[in-house]
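Given next are the chains, with one letter for each unit.
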Amino acid sequence: MTSLSVGDALTGFERQITQDRVDAYAEASGDHNPIHLYESYASTTQFGTRIAHGMLSLALVTEMLATNFPNTWHDGGKLKVRFSAPVFPGETVVTYGEVTAIDESDDGLIATCTIGCKKPDGTDAVAGRATVPLE
Amino acid sequence: MAAPLISTAEVGHKFGPYDVTIPTERANAYAVAVGGDESPDYGDSLAPIMVVAAALTELIEDLGLFSGGLQTVHAGQEVSWERQVKIGEKVDAIGKLAANSVRRGNHFATVSVSYQDSTGEEIGTSSTTIIVSGEASS
């Protein structure tokens, strides 16, 4: 994806975070924390209900990066994010990204991108920055 | 009940190595959880974030964060990756407590992790920051 320019938006996508997805993510990650899986427990927490794993939202962001940078994201990509808000099962989130810089390095061109995942109300569930080799 | 490790561990405390080899069943579960029409075709490889998540689960358990009375917030995450990982490929995760402080009654802890293949070569790194409130901060 070497035709990118500063200011270009990455191709994002929507995903509804169903409880089935959360359950599957628990199997995949091994994280069976009851706050993600059991309403009876989750209702006693600060959130009052089940929440999706933060890493599930981040996984969606990395899917976006892998789609936009299919040849390089997994070979030299880096990211740094903060988790800003929980995602509740049933919510539909949207991944987004924008190229903010393209720099020369010893390893070739590196794109810096803002990245994230927004909740239905427009707030960020995950937000941060990624750097990805372009070649 | 013994105090959770996050209450007592000092910076530099080492975790693992954890075997975070991802078998086919878990890779399939990941595809169900995350996948969609636009998802990339990983073939026989994994999304590296899955390996990071597997290590994070081990770290949370070792830190005692599944203990009753604790509320843990995953505040931040850094990841870097050098190459694709195959499904079933042996990967070890070796963690180190990089920060552990108490502010306003909350524990702030950062754990850095190195991911190594069967030859011992580092293929990725991560850094996880968590905030823990409850008994651990008292």
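What counts and what doesn't
Sequence positions are assigned chain by chain, starting from 1 and proceeding in written order. A letter from A marks each chain and a number from 1 marks each ligand, given out in the order of writing. Confidence filtering applies because this is a predicted model: local features only for residues at pLDDT of at least 70, side-chain atom pairs given and counted only at 80 or more, and all residues used for totals across whole chains, interfaces and linings. Each side-chain value is worked out from all heavy atoms of the structure, with water and hydrogens disregarded. Segments assigned H or I by DSSP are reported as helices when at least four residues long, segments assigned E as strands when at least two residues long, and all are numbered from the N terminus. Note on classification: 1.4 Å probe, protein chains only; a residue is buried when its accessible area is under 20% of the maximum for its type, exposed when over 50%, partly exposed between these limits. Residue contacts are counted whenever heavy atoms from the two residues lie within 4.5 Å of one another. Note that accessible areas follow from Shrake-Rupley with a 1.4 Å probe, and for residues the cover is restricted to the protein chains shown. Think of it this way: Lys and Arg go in the positive column, Asp and Glu in the negative one, and His and the chain ends go nowhere. Lysine's charge is taken at NZ, arginine's at CZ, aspartate's at CG and glutamate's at CD. Note on geometry: axes are lines fitted to C-alpha atoms, helical ones only across the stretch in contact, with angles between N-to-C directions running from 0 to 180 degrees. Just so you know how the angles are binned, under 35 degrees is roughly parallel, over 145 roughly antiparallel, 65 to 115 roughly perpendicular, and the rest oblique. Residue type decides the class: Asp, Glu, Lys and Arg count as charged, Ala, Val, Leu, Ile, Met, Phe, Trp, Tyr, Cys and Pro as nonpolar, and the leftover types, Gly among them, as polar. For this document, the term salt bridge refers to a Lys or Arg side-chain nitrogen within 4 Å of an Asp or Glu carboxyl oxygen. Take the accessible area each of two parts loses on contact, using a 1.4 Å probe, and add the two losses: that sum is the buried area. Residues adjacent in sequence count toward polar contacts only when both atoms are side-chain atoms; beyond that, a polar contact is any pair of N or O atoms within 3.5 Å, and within protein one must be able to donate a hydrogen and the other to accept it.

- As recorded in an unreviewed UniProt entry, chain A goes by the name Transcriptional regulator, listed as coming from Candidatus Lucifugimonas marina.

1. So, the overall build of chain A
Turning to step 1, where the next piece is worked out: Scanning chain A from terminus to terminus reveals four helices and five strands.
Turning to step 2, where the next piece is worked out: Shown N-terminal to C-terminal, the secondary structure of chain A runs as helices and strands in the order β-α-α-α-α-β-β-β-β.
Turning to step 3, where the next piece is worked out: Its C-alpha atoms give chain A principal-axis dimensions of about 55 × 30 × 20 Å.
Turning to step 4, where the next piece is worked out: For chain A, the proportion of its 135 residues judged to be buried stands at 50%.
Turning to step 5, where the next piece is worked out: Taking contacts inside chain A between residues at least 6 apart in sequence as the whole, the part at least 24 apart equals 62%.
Turning to step 6, where the next piece is worked out: Carbon together with sulfur atoms contributes 47% to the accessible area of chain A, which is approximately 5800 Å² in total.
Turning to step 7, where the next piece is worked out: Here chain A holds 9 positive side-chain charges and 18 negative ones, and the gap between their average locations is 6 Å.

2. A few points about the packing of helix 4 (residues 54–68) of chain A against helix 2 (residues 24–34) of chain B
Turning to step 1, where the next piece is worked out: Here helix 4 of chain A crosses helix 2 of chain B at 85°, and the two axes come no closer than 10 Å. For the element pair helix 4 of chain A / helix 2 of chain B, the angle class is roughly perpendicular. Residues L56, A59, L60, T62 and E63 of chain A of helix 4 of chain A form the contact with helix 2 of chain B, whose participating residues are Y30, A33 and V34 of chain B.
Turning to step 2, where the next piece is worked out: Class assignment of the residues belonging to the contact of helix 4 of chain A with helix 2 of chain B gives a composition of six nonpolar, one polar and one charged.

3. Observations regarding the pattern of salt bridges
Once the charged atoms of two side chains with opposite charge are near each other, the side chains can pair.
Turning to step 1, where the next piece is worked out: All chains considered together, the criterion is met by ten salt bridges over all chains.
Turning to step 2, where the next piece is worked out: Across the pair R15 of chain A and E38 of chain B runs a salt bridge whose closest N-O atoms are separated by 2.8 Å. In this pair, R15 of chain A is assigned in strand 1 (residues 14–16) and E38 of chain B in the loop between helix 2 and strand 2 (45–46), connecting two distinct chains.
Turning to step 3, where the next piece is worked out: Using a relative accessible area of 5% as the deciding quantity, one classes R15 of chain A as buried.
Turning to step 4, where the next piece is worked out: Residue E38 of chain B is classed as partly exposed on the basis of its relative accessible area, which comes to 32%.
Turning to step 5, where the next piece is worked out: Note that R50 of chain A and E39 of chain A form a salt bridge whose closest N and O atoms lie 3.2 Å from each other. Taken as a pair, R50 of chain A in the loop between helix 3 (39–42) and helix 4 and E39 of chain A in helix 3 lie far apart in primary sequence, eleven residues in all.
Turning to step 6, where the next piece is worked out: With a relative accessible area of 31%, E39 of chain A lands in the partly exposed category.
Turning to step 7, where the next piece is worked out: Each of the salt bridges in this network shares a partner with another, and the network as a whole consists of D19, K90 and D92 of chain B.

4. Brief notes about the interface of chain B and chain A
Turning to step 1, where the next piece is worked out: With 35 residues of chain B in contact, the opposing surface of chain A contributes 32 residues.
Turning to step 2, where the next piece is worked out: Together, the buried faces of chain B and chain A total about 2900 Å²; carbon and sulfur atoms form 55% of this surface.
Turning to step 3, where the next piece is worked out: For the pair chain B and chain A, the interface holds two salt bridges.
Turning to step 4, where the next piece is worked out: At the boundary of chain B and chain A, one finds 21 residue pairs in polar contact (both at pLDDT 80 or more).
Turning to step 5, where the next piece is worked out: Elements represented by at least two residues in the side of chain B that touches chain A include exactly helix 2, helix 3 (48–62) and strand 3 (71–81) of chain B.

5. Some details on the environment of T110 of chain B
Residues and elements named next belong to chain B.
Turning to step 1, where the next piece is worked out: Turning to its location among the elements, T110 is positioned in strand 6 (residues 106–116).
Turning to step 2, where the next piece is worked out: C-alpha separation for the pair T110 and R83, spaced 27 residues apart in sequence, amounts to 24 Å.
Turning to step 3, where the next piece is worked out: Those residues in contact with T110 that sit more than four places away from it in its chain are K96, L97, A98, A99, S127, T128 and T129.
Turning to step 4, where the next piece is worked out: Side-chain polar atoms of T110 contact the side chain of T129, separated by 3.0 Å.

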